[in-house]
Structure formats: structure tokens, C-alpha cells
Amino acid sequence: MVKVITYGTFDLLHYGHIKLLERAKALGDHLIVGVTADDFDKKRGKINVQQTLMERIEAVRKTGLADEIIVEEYEGQKIDDIKHYGIDIFTVGSDWTGKFDYLNEYCKVIYLERTKGVSSSDIRTVRNELKIGLIGESVVVLSKFVSECAFVNGIKVAGICTRNKENLSGVLSALPLVTTDLTSLLSQVDAVYVVSHPSMHYEHVKQALEAGKHVLCESPITLNAAQCEELFALAQEKDCVLSEGIKTAYSTAYNRMILLAKGGKIGDIVSVDATCTSLRGIDYSDQAQLEQTWNSLSAWGPTALLPVFQLLGTDYKEKQIVSRVGNEQYRYDEFTKVTFLYPHAVASIKVGKGVKSEGELIISGTKGYIYVQAPWWKTDYFEIRFENPEDTKRYFYQLDGEGIRYEIVAFVKGVEQKRTIPSISLKVSLEISKIMDDYHGNKTVVNI
Ligand code: CTP
């Protein structure tokens, strides 16, 4: 019996896949199809596969061409599989020509002509091309967002509404529409990415939702808790997605770390301590600069608050906000520390643009602790440590595009399925704006 094996993602199974499977089957008597697991796809850069592993397996099964289906989970697995299943022929499409020649040592390698004119990527792009408009002034954030969109199928940056044309020339040259009028941008797009100054978020998000556009808003969504609630209610009424942009929330390492902590790996969680700082000078005599600059709590607070609220919830008993305020009129804090008291735990965040510290995250538990080294908010690695250093467990997960890429993928998927993205719950979003509100309203704030 001649045994043949082939591998693929088989997302949105198409004619090209079926032709390949038919020819692979014809090469022998028994065909094994390896379907790639989501994590493995992510690792090799395929980030916006639309269907789940089970859906893709089911589609391959329904073709009736596979005698056996297996899951491909790790690099190097092909050699293991060939040995394990006693494979005679390994085959894939001609887009891989040469890439698997190293398998000749174990079996015969055959590259089959790829069917022209069809691919999962094309189908994904055509199915849901989302035209997104940008709102804001930040050169760094907008440039990154535009370049990360290029890695995601099904999204196209259609224009920008900005007051910062001069400094954004690099980003703008690639965009079909550049305007200072939000209404005209909204008429050209299906969704917007809001990264204007936080004090403008409420107006911008509201206008976009009222026009029936989906919104990805860089956190904090508002500086006022009631307004935040109002916007989420409006999104629901308009059947639009309103999503909070905190890139860390979309990174695999961060998510796995949260799951492990919640799963009891370090026992009961007793303390969460997160620090985020980036030292930036500010000229307090420059009014224009002050108007546009995000203060420390807006810039870093949402990220630092994320693990606190995701691990301990939002029902804390007490909190204290301590800030070093550099400019009172604009509520520009150079440094802020917020401490929380929960019934059985404590937490603290330290954020600063005028103070420097070690940007680490430590989650302390009754059995051990999780340590995420600086800069923890864009990490691909963390450790779970115990009393005995020999018991330390190390975890590594690929991170591309600092999480922004995954944030865009999640947003596109959320819009397609018309549902809020589960990475950040409504409770967490509302609590983040509540902290902003308390600081800006000077409630429970101690100045140092
Ligand atoms: N394949 C093919 N002809 C096509 C598309 C895919 O023969 N038009 C083959 C690939 O060469 C591979 C298998 O089908 O052997 C599974 O490919 P997969 O990567 O899942 O499909 P693509 O459509 O190429 O997916 P993507 O666009 O995401 O790369």
C-alpha cells in the first residue's frame, strides 16, 4: 500500500484545495491530510485564518478524499509523521517548490502544480474588505497602524481625518482621502480607528457610531464613565462594534499568561503589580503641545489596569490614586500610582511619562508567581517561578507587530460576525474609563 501525506490550512476550502487533494489521493492508496492548528499557523505568520481548526477539519473530511486527518501542531512534525505513519510520498502545491526537499531523506517528495486564480487569502479579502478611516494626530501610532493593516486580509485604510497634516506626510501619501472634516471621512468608510486625543474620543466615537460605523478606539474610550456607558449603549442600538484598543490584550503570550494565572498555576492570586513608563520631556509653556499630549494615565493606564481587572475583577473595595501633576490645567500627570484593595487581594499600577521605572508585571500567588520582564506589555515571554528555582517554567509565544496586527485581525473578525471582541470585556472598558474619570474629576486623588 502506497501511503501519501499532505499538509495545509484549508481555510474556506476552495476548488484549488479539492484539486490538490484529488491529485494527492491519486498518487497512492491511502491519503493522510495534516490540517494546521491555529497556533502553528500564527507562528508561521498566517494570522487571519477565518475558520476554526474543527471547521477546517470538517471541510476536509466532507470532501471524502482523506482516509485519515491529523493535526499539524509543531515545526518539524512532518519528519515525525512520515516516520510514524510509514509514509511513501509527501506532496504539496508548487507554491512550496524546493521548501520540502529536505524530506527526500525520509520519503519521495512531489510538488503538484498549484491551481491558478484561487487562494484562501483572496477569498478572505473579497469576502469582507472593510474600509477603515483613521482619526487622530499621532505619527507613531498611525504609521504603525497603517503598516500593520498591510499584513491583514480584508481591511483597507481608506482615509484619514487629522489636524496634523504637516507631520503625517509619510502616512498620508498612501491614503486616498485626507481631510479635517470627520463627516466626509465617515461617508467613505465602514469603520474608524480613533487615536485622537482622549478628550476628543467621546465626540469622535459618538459621531462615527451615529453614522453607523464600527469603531476601534485606542484606549481609554472616554475620560468619563457615564459617556463610556452611553457609547456602548449607542453601539448596541446601531448594531455596530465598539472595541477598545489595547494592543497587549491581543498578544498570545499575555493571553496565555492570564489563562495560566486564572487556572490556578500559582495558587490564589494575592497581588498584581504592573508598571509602565516611557520617559518623555514636555514643555509646559507650549500650550499646543500640552493640548495634544496624552497624560501618563491615559497613555499607560489602560494597559497597566488590564491585568489587574482581568485577574481580580472590577469589584474592588477601595482604591487610591496618587499623582505627581506637572500641569494642573491640562491634568498632565508625570507619574501616577493607583492601588486597589480587593476582599482577598491587592493590586497596584505605576505609570509615568515623567518618571522612569522598571516596566515589569508581577503576579503573586500562594504557590508561586508570574514574572513578565520589561517591557511586559509587548512581551513574547514569561516565567512562572516557584520557591525552588529549578521548578521555573518558561513560556514563549511569537509576537508580531507588538499585538497591533492581532488587534486588527480581531476587529475585522468582530465586524464580520457583528459581535464585540471578547478580549476586553465591557466591565473592564467601563472600569478603565471610571479610573480616568476619577483622576480627571480629581476624585480620591492625592497629589505629590
Ligand atoms: N493549493 C493549490 N492551489 C491553490 C491553493 C492551494 O494547489 N490555488 C494547495 C497548496 O499548495 C497546499 C494546499 O493546497 O498544498 C493547502 O494550501 P493552503 O495554504 O491551505 O491554501 P491557500 O489558498 O494557498 O491559502 P493562503 O491563501 O492562506 O496561503
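Residues numbered from 1 in each chain as written. Predicted model: local features only at pLDDT ≥ 70, side-chain atom pairs only at ≥ 80, totals over all residues. Heavy atoms only, no water.

Draft legend 1. Focus on the overall build of the protein. In terms of regular secondary structure, the protein is built from 15 helices and 20 strands. The C-alpha atoms of the protein give 25 Å as radius of gyration, which agrees with the globular expectation for 448 residues (22 Å, within 12%). Seen through its C-alpha atoms, the protein measures out along the principal axes to roughly 80 × 60 × 40 Å. Here the protein holds 448 residues, and the buried ones make up 53% of them. Sequence separation of at least 24 residues holds for 69% of the intrachain contacts in the protein that already meet a minimum separation of 6. (Helix = DSSP H or I, 4+ residues; strand = E, 2+ residues; numbered from the N terminus. Rg over C-alpha atoms; globule rule 2.2 N^0.38 Å. Buried < 20%, exposed > 50% of the residue type's maximum accessible area, 1.4 Å probe, protein only. Contact = heavy atoms within 4.5 Å.)

Draft legend 2. Highlighting the pairing of strand β17 (residues 369–372). Pairing geometry for strand β16 (residues 361–365) and β17, over four bridges, is antiparallel. Looking across to β17, one finds that I362 is bridged to Y371. Two strands pair when backbone bridges link them, and β17 and strand β18 (residues 381–385) are joined in this way by three bridges, in the antiparallel orientation. Across the sheet, residue Y371 finds its bridge partner in β18, namely E383. (Pairing = 2+ DSSP bridges.)

Draft legend 3. Region of interest: the sheet that holds strand β12 (residues 269–277). Reading across from one edge, β19-β18-β17-β16-β12-β15-β14-β13-β20 is the order of the nine strands in this open sheet, with mixed pairing throughout. A single partner strand is all that each edge strand has here, and the edge strands are β19 (393–396) and β20 (445–447). Taking the axes of each pair of neighbouring strands and ignoring which way they run, one obtains an average angle of 15 degrees across the sheet. Helix α13 (residues 296–312) contacts β12, β14 (332–341), β15 (346–352) and β16 of the sheet and is inclined by roughly 160 degrees relative to β15. (Axes fitted to C-alpha atoms, helices over the stretch in contact; angles between N-to-C directions.)

Draft legend 4. Inspection of the site of the ligand at higher detail. Near the ligand lie 18 residues; those nearest to it are D95, T115, V118, S120 and S121. The contact in question runs from an oxygen atom of the ligand to an N or O atom on the backbone of S120, over 2.7 Å. Surface burial for the ligand is 93%, taken as the share of its 570 Å² of free accessible area covered by protein chains. The set of elements that each furnish at least two residues to the shell around the ligand consists of α1 (15–26), β4 (89–93) and α5 (120–127). (Near = heavy atom within 4 Å. Polar contact = N/O pair within 3.5 Å; in protein donor to acceptor, adjacent residues only side chain to side chain. Areas by Shrake-Rupley, 256 points an atom, 1.4 Å probe, with all protein chains shown as cover.)

Draft legend 5. Local environment of the sheet that holds strand β1 (residues 3–8). Strand order in the open sheet made by the five strands is β3-β2-β1-β4-β5, with parallel pairing throughout. The outermost strands of the open sheet, each flanked by one partner alone, are β3 (68–72) and β5 (108–112). For this sheet, the mean angle separating the axes of adjacent strands, direction not counted, is 25 degrees. Pairing analysis gives five bridges linking strand β2 (residues 30–36) to β3, with the strands arranged parallel. Opposite T36, over in β3, you have E72 as the bridge partner. The sheet contacts of α1 involve β1, β2, β4 and β5, and relative to β2 the element is tilted by about 140 degrees.

Draft legend 6. Highlighting the packing of aromatic side chains. With the rule as written, the count across this model stands at 16 aromatic pairs. Seen from their ring centres, F90 and F100 are 5.1 Å apart, and the 55 degrees between their planes marks the pair as tilted. Placement of the pair is F90 in strand β4 and F100 in the loop between β4 and β5, with a sequence separation of 10 residues. On the accessibility criterion, F100 (10% relative accessible area) is buried. Where F340 meets Y342, the ring centres are 6.4 Å apart and the plane angle is 45 degrees; that geometry is what we call tilted. Note on accessibility: F340 and Y342 belong to one class, buried. Aromatic rings pair up to connect Y7, F90, W96, F100 and Y102 into one cluster. Taking the ring centre of Y7 as reference, the NZ or CZ of K78 above it sits at 4.9 Å. (Phe/Tyr/Trp six-rings, centres within 6.5 Å; stacked < 30°, edge-to-face > 60°. Lys NZ or Arg CZ within 6 Å of the ring centre and 35° of its normal.)

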